[in-house]
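Coordinate analysis (summary)
Residue-level listing of the chains:
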Amino acid sequence: AQTVTQSQPEMSVQEAETVTLSCTYDTSESDYYLFWYKQPPSRQMILVIRQEAYKQQNATENRFSVNFQKAAKSFSLKISDSQLGDAAMYFCAYRSQAYNAGNMLTFGGGTRLMVKP
Amino acid sequence: KAGVTQTPRYLIKTRGQQVTLSCSPISGHRSVSWYQQTPGQGLQFLFEYFSETQRNKGNFPGRFSGRQFSNSRSEMNVSTLELGDSALYLCASSLSRPNTEAFFGQGTRLTVV
C-alpha cells in the first residue's frame, strides 16, 4: 500500500514571500499521479497542481510549482509571492495508475499554511 | 456547470442511529468517491462507485456502505453510529480515468452525540 507523509504540520510565511511545503511518499509503482490540494476554511478541497510520474518536467501553475524527485520519492510545493488567500490546509495526495486502482486518492496528513500580512 | 453538491451540510445524530448522506456529482461524471476527514486520522478513503458498481473500498467496517444510482448520484449510509464516526464526509466526482481531476464537494459535517 502507498503512504504519503507531510512532515510539517504548520508553516507560516510573510505575504509576498516564498514558501515550500514538503511531501514524501512510498510506493513500489512506477506510474502514478501526485497532487496538491488546498482546503480553505470553507472545507472544499481545491486542486492546486498535479504531476504525472512519467513526466520529468516539474509542473507549474502560475505562482505554484513543484519539485518532483521521483528517485527520492519527494514532491514539494513552492508557493511564490504568497497572498493572504493562500492561507489554508494543504494536502499532498497520491493516485495509482494501476488498472484496479480507480480514482482512489491517498492523502498525507496536511500542512496548515499561515500567511502573515 | 454546477459543482459537486453534498447534502445535508450539517447533521447531528445520536449514537446507535443510522444516517444517509447524499452526493450529486458534476454532470457527466460517473465516478464518485467518498472520504472521511477527522483531526486524528486525517483523510481516509471510504469507497468509490463507478457506473453503479463499487470499484474500490477502504478499510472501514461494514457499518459504512454506499450505493450509486443510474444518474450517478451517490449515497453513503452509516448504521449504528458511534461517537468516533463524527467527521467531515467529503465526496469527489471524476470523469473516467485516466488523467482526470477529482472535484470535491463542500462536505457533510456529521456530529454523533
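Our subject is the structure listed above.
Read on for a plain summary of the structure. (Residues numbered from 1 in each chain as written. Chains lettered and ligands numbered in written order. Predicted model: local features only at pLDDT ≥ 70, side-chain atom pairs only at ≥ 80, totals over all residues. Heavy atoms only, no water.)

1. Considerations on the nonpolar core
What counts here: As used in this record, nonpolar core signifies buried Ala, Val, Leu, Ile, Met, Phe, Trp, Tyr and Cys residues forming a set joined through side-chain atoms within 4.5 Å. Each residue gets one of three labels from its accessible area relative to the maximum for its type: buried under 20%, exposed over 50%, partly exposed in between, using a 1.4 Å probe on protein chains only. The secondary structure listing takes helices from DSSP runs of H or I that are at least 4 residues long and strands from runs of E that are at least 2 residues long, numbered from the N terminus.
Counting residues in each nonpolar core, the largest one holds 25 residues, and the members touching the most others are A:Tyr25, A:Trp36, A:Phe75, A:Leu77 and A:Tyr90. Mapped by element, the contributors of at least two residues to this core are β3 (19-21), β5 (32-39), β6 (46-52), β8 (64-69), β9 (74-79), β10 (88-96) and β12 (111-116) of chain A. Top element by residues in this core is β10(A). It accounts for four residues. Counting 21 residues, the second-largest nonpolar core is a separate cluster that includes B:Val19, B:Phe60, B:Met76 and B:Val78.

2. Let's talk about the state of the cysteines
Chemically, a disulfide is nothing more than a covalent bond linking the sulfur atoms of two cysteines. Selection rule: To count as a disulfide, a pair of cysteine sulfur atoms needs to be within 2.5 Å.
What the rule picks out here adds up to two disulfides over all chains. Covalent S-S linkage joins A:Cys23 and A:Cys92, the inter-sulfur distance amounting to 2.0 Å. Taking the torsion about the sulfur-sulfur bond, which here is approximately -70°, the covalent link between A:Cys23 and A:Cys92 counts as left-handed. Highlighted residues: A:Cys23 in the loop between β3 and β4 (24-26) and A:Cys92 in strand β10, separated in sequence by 69 residues. Exposure remark for A:Cys23: the relative accessible area of 2% places this residue in the buried category. Two residues share a disulfide in this structure: B:Cys23 and B:Cys91, whose sulfurs sit 1.7 Å from each other. Residues B:Cys23 and B:Cys91 are joined through a disulfide that is left-handed, its torsion about the S-S bond being -55°. Of this pair, B:Cys23 sits in strand β3 (residues 19-24) while B:Cys91 sits in strand β9 (residues 87-94), and the two are 68 residues apart along the sequence.

3. Brief notes about the layout of surface pockets
To keep it simple, the criterion reads: Put plainly, a pocket is an open set of points on a 1 Å grid over the protein atoms alone with protein on both sides within 12 Å along at least five of seven lines, a cavity is a set where a 1.4 Å probe fits but cannot get out, and a lining residue has an atom within 4 Å of a point. Grid points are joined across faces, edges and corners, and a volume is the space filled by probe spheres set on the points. In this classification, the charged set is Asp, Glu, Lys and Arg, the nonpolar set is Ala, Val, Leu, Ile, Met, Phe, Trp, Tyr, Cys and Pro, and all remaining amino acids, among them Gly, are polar.
In this structure, the largest pocket spans a volume of roughly 460 Å³. Around the largest pocket, the lining is made up of 21 residues, and of these A:Gln39, A:Met89, A:Phe91, A:Arg112 and B:Gln37 lie nearest the centre. Looking at the lining of the largest pocket residue by residue, the class counts come to 11 nonpolar, seven polar and three charged. In this structure, the second largest pocket encloses a volume near 230 Å³. Every residue along the wall of the second largest pocket is listed here: A:Ala1, A:Gln2, A:Met104, A:Leu105, A:Thr106, A:Phe107, B:Leu43, B:Gln44, B:Phe45, B:Asn59 and B:Phe60. Only β11 (106-107) of chain A together with β5 (42-50) of chain B provide two or more residues apiece to the lining of the second largest pocket. Here the lining of the second largest pocket takes three residues from β5(B), the largest share from any one element. Its residues assigned to classes, the lining of the second largest pocket comprises seven nonpolar, four polar and no charged.

4. Re the interface of chain B and chain A
Using the following cut-off: Throughout, a contact is declared for two residues whenever any of their heavy atoms are within 4.5 Å. Put simply, buried area is the surface a 1.4 Å probe can reach on two separate parts but cannot reach once they are joined, added for both. For this document, the term salt bridge refers to a Lys or Arg side-chain nitrogen within 4 Å of an Asp or Glu carboxyl oxygen. Distance and chemistry together define a polar contact, namely a pair of N or O atoms within 3.5 Å, with one atom able to donate a hydrogen and the other to accept it when in protein, and with adjacent residues in sequence counting only for side-chain atoms on both sides.
With 26 residues of chain B in contact, the opposing surface of chain A contributes 23 residues. Buried surface at the junction of chain B and chain A, summed over both partners, amounts to about 2100 Å²; 43% is from carbon and sulfur atoms. Where chain B packs against chain A, one counts zero salt bridges. Linking chain B with chain A are 10 residue pairs in polar contact (both at pLDDT 80 or more), by the criterion used here. For the side of chain B that touches chain A, the secondary-structure elements that each account for two or more residues are β4 (31-38), β5, β6 (53-57) and β9 of chain B.

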